[in-house]
Structure formats: structure tokens, C-alpha cells
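# Coordinate inspection notes
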Amino acid sequence: MNNEKLSIISIIGKTNVGKSTLFNKLINKKLSITSKKKNTTQKSLIGIKNKNNKQFIYIDNPGLNNNINVIKYIKNIIKYIKNNLLNNNINLFIIIIEKKLDYNEIKIIKFIKKIKIPLIILINKIDKLKNKEILLKIIKKIKNLNINNIIPTNFKKKKHIYYVKRIINKFLINKKHLFKKNILTNRNNEYIIKEIIREKVFRLTGDELPYKLKFKIKNIHKNNNIMYIECYIIIFKKQYIKILIGKKGNKINKIIYLSKINIEKYFNNKYKINLIIKIKYIK
């Protein structure tokens, strides 16, 4: 008798509300990159967490902004999941908000209710709300939409993440697992390496570089138990070179050092990284 349980959970919300942070904490692995830069997550990413007979499939999605058609945004997420998860559907939406509930978020909540997919609303960064009356107003506004699964949170606190996991458990269904236990994501190793390097670049350069910067793995090979990575950072303006290299090469060396630490931790192997800055002018 098959006693396997499965849940497919899609995490959505505006840029910089903490989607990728929550995603990483739920799978207990640094898989999705995080930074204060807007639009850091550019494509949906699947992460798998197995626990005994339970399999949780989490999807970290690009952030909402005011220029997005929110109905199309949700439909595209549903389509992505069907295309990548054997035509399965979402069991649960997690919507992360902060400070206030705006028009687009209300529109999304109403649409998800209309298509009858369960949802949880997490009000993140409550530690930054100096006036707790604001929090009460947000909760009241959500409850007026007939939503009861409302959780004020701070993703920095383990007990809050633990509580979110307990709630997610309620949305498991009796279904065969879609992935083997040793699989963490649907992405290949090159994608993970590029994302780690991309994160370090954005964390160390802030708003000095555009998020549309391109990264390309040129070569990966093994020699004497050490993995060698050659990665292009493709820029569109010559002045970006100085920003990436920094004074006496300190910036690029720090990017390489921090990338190496994260990549070695993820893959449990020794790595050497060579970053090559390549200019590709946009016509």
C-alpha cells in the first residue's frame, strides 16, 4: 500500500518581501539567491524537501511589480507547474506581504479564491512595524476577504519558520512522490553555480549594476579532485568593468572567494573559479 504524501506549494509576493529567504528555509538549503536588489529572482525555481513519507515541492517565483498583469502572472505560474511537474496542479499558494495590502495583492487573493486553490498569507517583517495597529489593520483587511490562514511572521526567527511548516503540513494529499529522495531541484548544476555567482555580484555591487547582467558557464572540468569553473560575466557597458573589479581587484576577488565558499558547501567538493568579464554591446 502506498502511504506517500505530497504537496506542491507556490510562493508569491512583491519583490523583496522575503520569498527566496522563506523558500531556502523551507527546504533547509541555500538554493534560491537572495539580495536587497529588486527582481533578483528572474525565473521560477523548484525545490524539493523530503521528510519520511512526505514530499514538499516548493516553487520560488519572480516578484510582483506594478507593471505585471496579476491574473496572467498566476496563470503562468500554474502553467509552469503543469509543464514541469507532470501536469500536476498547485495544492497551496503562500502569499507574502508586508506593511500593507495593496490593490494587486487583493486582486490576486480574489482570483486564487475564485479558482479554488487554498492559500496562506504571511505578513513578513513584523519586527519592522513600529506601530502594531498597522498589523491589526492588515489582518482585518485580509479577513474581510474571507481568508483565515493569516500568519504574522519574521523569517529570521526559527520558531516562526517551524510554525509555517506545521501549517503547510495540513495541505498534504495522499499521492505518489514526483521526485526521488536525493533530488533537490529540477535545475542542473550549471544553473546553481551561475546563481551563486550572480548573488555575490549583486550583493557586493548593490544598485551599481543592472539585474539583467548575464552569466554564462564556459567550462567545468575536474583535475586532481578539484573542480575548475570558468564563468563569463557578460556586461553591456564598459564602465561596469571598474565596478566589478574594484580597487586593486578587491571586489572581483571577494566575489570569487564568497562564491567558492557557497559552491563548495553546496556540492561538497573543492572548487577553483575563474571569472572573465566580457563586453557585449547591445545594438
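Above this note sits the structure.
If you're wondering where the values come from, they're calculated on a predicted model, not measured in any experiment. (Residues numbered from 1 in each chain as written. Predicted model: local features only at pLDDT ≥ 70, side-chain atom pairs only at ≥ 80, totals over all residues. Heavy atoms only, no water.)

### Observations concerning the sheet that holds strand E8 (residues 214-223)
For the record, the criterion: Pairing between strands is defined by DSSP: at least two bridges between them are needed. Put simply, DSSP H or I for four residues or longer makes a helix, DSSP E for two residues or longer makes a strand, and each gets a number counted from the N terminus. For helices, the axis comes from a line fit to the C-alpha atoms of the stretch in contact; other axes are also lines fit to C-alpha atoms, and the angle between any two N-to-C directions lies between 0 and 180 degrees. Only heavy atoms enter the contact rule, under which two residues are in contact if any of them lie within 4.5 Å.
A sheet is described by the order of its strands in space; here three strands give the open sequence E8-E9-E10, paired in mixed fashion. Unpaired on one side and paired on the other, E8 and strand E10 (270-279) mark the two borders of the sheet. Within this sheet the neighbouring strands show an average axis-to-axis angle of 20 degrees, counted without direction. Each of E8, strand E9 (226-235) and E10 touches helix H6 (residues 189-205); the most contacted strand, E8, lies at about 120 degrees to it.

### Here's the deal with the packing of aromatic side chains
Counted only if it meets this: Ring pairs shown here join Phe, Tyr and Trp side chains whose ring centres sit within 6.5 Å, with only the six-membered ring taken for Trp; geometry is labelled stacked below 30 degrees between planes, edge-to-face above 60, and tilted in between. Throughout, exposure labels follow a simple rule: accessible area from a 1.4 Å probe, protein chains only, divided by the maximum for the residue type, with under 20% read as buried, over 50% as exposed, and the rest as partly exposed. A ring is considered to have a charge above it if a Lys NZ or an Arg CZ atom is located within 6 Å of its centre and within 35 degrees of its normal.
A complete count under the given rule lists four aromatic pairs for this structure. For the ring pair Tyr 266 and Phe 267, a centre distance of 4.7 Å and an interplane angle of 70 degrees mean the geometry is edge-to-face. On the accessibility criterion, Tyr 266 (16% relative accessible area) is buried. Considering the side-chain rings of Phe 267 and Tyr 271, the 5.9 Å spacing of their centres and the 45 degrees angle between planes classify their relative orientation as tilted. For the pair Phe 267 and Tyr 271, one class covers both residues: buried. Taken together, Tyr 266, Phe 267 and Tyr 271 form an aromatic cluster joined through their ring pairs. A cation sits over an aromatic face here: Arg 187 above Tyr 191, 4.4 Å from the ring centre.

### Quick word on the packing of helix H1 (residues 19-27) against helix H5 (residues 158-169)
The test is simple: Reported orientations rely on four angle classes, namely roughly parallel under 35 degrees, roughly antiparallel over 145, roughly perpendicular from 65 to 115, and oblique for the rest. Each residue is assigned to one class: nonpolar for Ala, Val, Leu, Ile, Met, Phe, Trp, Tyr, Cys and Pro, charged for Asp, Glu, Lys and Arg, and polar for all the others, Gly among them.
Contact geometry for H1 and H5: axes closest at 11 Å, N-to-C directions at 75 degrees. It follows that H1 is roughly perpendicular to H5 by the angle criterion. Between H1, through Leu 22, Lys 25 and Leu 26, and H5, the contact on the second element is made entirely by Ile 161, Val 164, Lys 165 and Ile 168. When the residues that make up the contact of H1 with H5 are grouped by side-chain class, the tally is five nonpolar, no polar and two charged.

### A word on helix H3 (residues 103-114)
The following threshold applies: Here a helix's expected span is defined as the number of its residues, less one, multiplied by 1.5 Å. In the analysis that follows, any N or O atom pair within 3.5 Å is treated as a polar contact, provided that within protein one partner can donate a hydrogen and the other can accept it, and provided that, for residues neighboring in sequence, both atoms belong to side chains.
Across its 12 residues, H3 extends 17 Å between first and last C-alpha, which sits within 8% of the 16 Å expected from 1.5 Å per residue. The set of residues buried in H3 consists of Asn 104, Glu 105, Ile 106, Ile 108, Ile 109, Phe 111 and Ile 112. Those residues of H3 that are buried lie in contact with strand E1 (5-13), helix H2 (70-84), strand E4 (92-97), strand E5 (119-123) and helix H4 (132-143). One side-chain oxygen of the residue at the start of H3 lies 3.2 Å from the amide nitrogen of Asn 104, identifying that residue as Asp 102. Following H3 by one or two positions, Lys 116 adopts a phi angle in the positive range, close to 60 degrees.

### Section: H2
To be explicit about the condition: In this description, one arc is meant: the one made by directions from the helix axis to the C-beta atoms.
Relative to the 21 Å expected for 15 residues at 1.5 Å per residue, H2 spans 21 Å between its end C-alpha atoms, a close match to the ideal helical length. By the burial criterion, the buried members of H2 are Val 70, Tyr 73, Ile 74, Ile 77, Ile 78, Tyr 80 and Ile 81. The arc enclosing the buried residues of H2, seen along the axis, measures out at 155 degrees, which places them on a common side. Structural note: H2 exposes Lys 72, Lys 79 and Asn 83 on the side pointing more than 90 degrees away from its buried face. Residues of H2 that are buried in the fold lie against E1, strand E2 (45-51), strand E3 (54-60), E4 and H3. Structurally, the start of H2 carries an N-cap: the backbone nitrogen of Ile 71 is 3.2 Å from a side-chain oxygen of Asn 69. Positive phi shows up at Leu 86, right after H2, with a value of about 50 degrees.

### Some points on unusual backbone geometry
Among all residues save glycine, negative phi is the norm, and among peptide bonds the norm is trans. Unusually for a residue other than glycine, Asn 16 sits at a positive phi of about 65 degrees. If you check the backbone angles, Leu 86 has positive phi at about 50 degrees while not being a glycine. With respect to the helices and strands, Leu 86 occurs in the loop between H2 and E4. Since its relative accessible area comes to 67%, Leu 86 is described here as exposed.

### Quick notes on a positive patch on the surface
The condition that has to hold: Like-charged residues are merged into a patch within 9 Å and nonpolar side chains (Val, Leu, Ile, Met, Phe, Trp, Tyr) within 5 Å, provided each residue has over 30% relative accessible area and no salt bridge. Throughout, the Shrake-Rupley method with a 1.4 Å probe supplies accessible areas, and for residues the shown protein chains are the sole cover considered. By definition, a salt bridge exists where a carboxyl oxygen of Asp or Glu is found within 4 Å of a side-chain nitrogen of Lys or Arg. Positive: Lys, Arg. Negative: Asp, Glu. His and the chain ends are not part of the count. Every charge is mapped to an atom, namely NZ of Lys, CZ of Arg, CG of Asp or CD of Glu.
Taken together, Lys 43, Lys 212, Lys 214, Lys 216, Lys 218, Lys 278 and Lys 280 make up a surface patch of like positive charges. Along the chain, Lys 43 turns up in the loop between H1 and E2. Classification of Lys 43 by relative accessible area gives exposed; the value is 53%.

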